[in-house]
Amino acid sequence: MQSAPILQIRNVSKTIQNRKVIDQLSLDVFPGEVFGLLGPNGAGKTSAIRLIVGLSLLQQGDIKIHGHSIKSDFTKAISHVGAIIEQPDLYSYLTGYQNLLHFARMHGNISHDHIMEMADIVGLTNRIHDVVSSYSLGMRQRLGMAQALLHSPSLLILDEPTNGLDPAGIRETRDHIRKLALEDNTAVLVSSHLLSEIELICDRVGIVQNGKLLHTLNVSELSSSSGSKTPLEDAFLQITKGNVI
Ligand SMILES: Nc1ncnc2c1ncn2[C@@H]1O[C@H](COP(=O)(O)OP(=O)(O)OP(=O)(O)O)[C@@H](O)[C@H]1O
Ligand SMILES: [Mg+2]
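Anyway, here's the lowdown on the structure attached to this text. (Residues numbered from 1 in each chain as written. Chains lettered and ligands numbered in written order. Predicted model: local features only at pLDDT ≥ 70, side-chain atom pairs only at ≥ 80, totals over all residues. Heavy atoms only, no water.)

## Focus on the site of ligand 1
- Taken together, 14 residues lie near ligand 1, and Val 21, Gly 42, Lys 45, Thr 46 and Ser 47 sit nearest.
- Contact distances for ligand 1 include 2.8 Å between an oxygen atom and a side-chain N or O atom of Thr 46.
- Ser 47 has a polar side-chain atom sitting 2.6 Å from an oxygen atom of ligand 1.
- When ligand 1 is considered free in solution it has 640 Å² of accessible area, and contact with the protein chains removes 64% of it.
- Listing elements by their share of the shell around ligand 1, those giving two or more residues are strand S2 (19-29) and helix H1 (45-52).
- Take the shell around ligand 1: its biggest share by element is three residues, from H1. (Near = heavy atom within 4 Å. Polar contact = N/O pair within 3.5 Å; in protein donor to acceptor, adjacent residues only side chain to side chain. Areas by Shrake-Rupley, 256 points an atom, 1.4 Å probe, with all protein chains shown as cover. Helix = DSSP H or I, 4+ residues; strand = E, 2+ residues; numbered from the N terminus.)

What follows is the structure in structure tokens.
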């Protein structure tokens, strides 16, 4: 890939209560690619994402978004980011539309039509004027996705994006992520502990364990040595020496 990375993580470490949750993490995510952080529960996926978006204080190393360091130029760096981390950040006493409107006002220059277009893309048009407290988990995820995409970010960060979605929602989310990367050149960072999901969504995969990036794989270059496992399963088992997720 020739273009400059949208996201650059360099030698980032983080210790919480004497536990090293991120250990010398370095990785790049380029425009138009979907990069997956794959690792078991507690591997450090959410911790890494929280550092990128400034929800957790960077202790060591640096993170740049569009060349802006989050340490010295956080406002500029974060203006390029759309994210959902663990649970979407929503006001449950407001309607879906009011949530999106509130977010749109913070970013300026986002029209009613654009808000409704986003609601339509995530399949919430019929319920967009209902209060969020009446939404199901999957509907909140959908609204979170609309909110994350409202300002057309060049870096989209999704922590377990299909958590709580029904099969149709999972498929739509997957298609949507691929389309954003392909058509809008968005750089996407997703985390998951689901091998099958990561394999379908991602171009490259970073395998994380105990806060360390063990290996980065190019999904299209993988081939399976056994019939019963997918290529990524095969590679994953070799890299983690049999520690199945
Ligand atoms: N606020 C905190 N206080 C103490 N330990 C924490 C805190 N946040 C995370 N950790 C620890 O950091 C490690 C990584 O957790 P993290 O949530 O990043 O994992 P994850 O890869 O996102 O896992 P999952 O698949 O379960 O979401 C775990 O050992 C966890 O206990
Ligand atoms: Mg997590």
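## Describing the sheet that holds strand S5 (residues 68-69)
- The strand order across the open sheet formed by four strands is S2-S1-S4-S5, and the pairing between neighbours is antiparallel. Of all strands in the sheet, those with a lone pairing partner are S2 and S5, marking the two edges.
- Pairing of strand S4 (residues 60-65) with S5, which is carried by two bridges, proceeds in the antiparallel orientation. Its bridge partner being in S5, Lys 64 is matched across the sheet by Ser 69.
- Along the sheet face, H1 touches strand S1 (7-16), S2 and S4 and points at about 65° away from the line of S2. (Pairing = 2+ DSSP bridges. Contact = heavy atoms within 4.5 Å. Axes fitted to C-alpha atoms, helices over the stretch in contact; angles between N-to-C directions.)

## Some remarks on the environment of Arg 171
- For Arg 171, the position within the fold is in helix H6 (residues 167-184).
- Residue Arg 171 is classed as partly exposed on the basis of its relative accessible area, which comes to 47%.
- Residues Arg 171 and Ile 201, 30 residues apart in the sequence, show an inter-C-alpha distance of 10.0 Å. (Buried < 20%, exposed > 50% of the residue type's maximum accessible area, 1.4 Å probe, protein only.)

## Let's talk about the packing of helix H3 (residues 96-107) against helix H5 (residues 137-149)
- At a closest axis distance of 10 Å, the pairing of H3 and H5 adopts a crossing angle of 25°. What the angle tells us is that H3 and H5 run roughly parallel. As for the relative orientation of H3 and H5, their crossing is right-handed in sense. Counted together, Gly 96, Asn 99, Leu 100 and Phe 103 of H3 and Leu 143, Ala 146 and Gln 147 of H5 form the full contact between these two elements.
- Here the contact of H3 with H5 is built from residues that sort into four nonpolar, three polar and no charged. (Parallel < 35°, antiparallel > 145°, perpendicular 65-115°, else oblique. Left-handed = near helix turned anticlockwise from the far one by under 90°. Nonpolar A, V, L, I, M, F, W, Y, C, P; charged D, E, K, R; others polar.)

## Let's talk about the pairing of strand S10 (residues 212-218)
- Two elements, strand S9 (residues 204-209) and S10, share six bridges in a ladder whose sense is antiparallel. If you follow Val 208 over to S10, its bridge partner there is Leu 213.
- Counting the residues between successive antiparallel strands, the hairpin from S9 to S10 contains two residues, one of them, Asn 210, with a positive phi of roughly 50°.

## Considerations on the side chain of Ser 13
- Note on placement: Ser 13 falls in strand S1.
- Given the relative accessible area of 1%, Ser 13 is considered buried.
- At a separation of 2.9 Å, a polar atom in the side chain of Ser 13 contacts the main-chain amide nitrogen of Gln 24.
- Non-local contacts of Ser 13, meaning those with residues more than four positions away in its chain, are made with Lys 20, Ile 22, Asp 23, Gln 24, Gln 59 and Gln 60.

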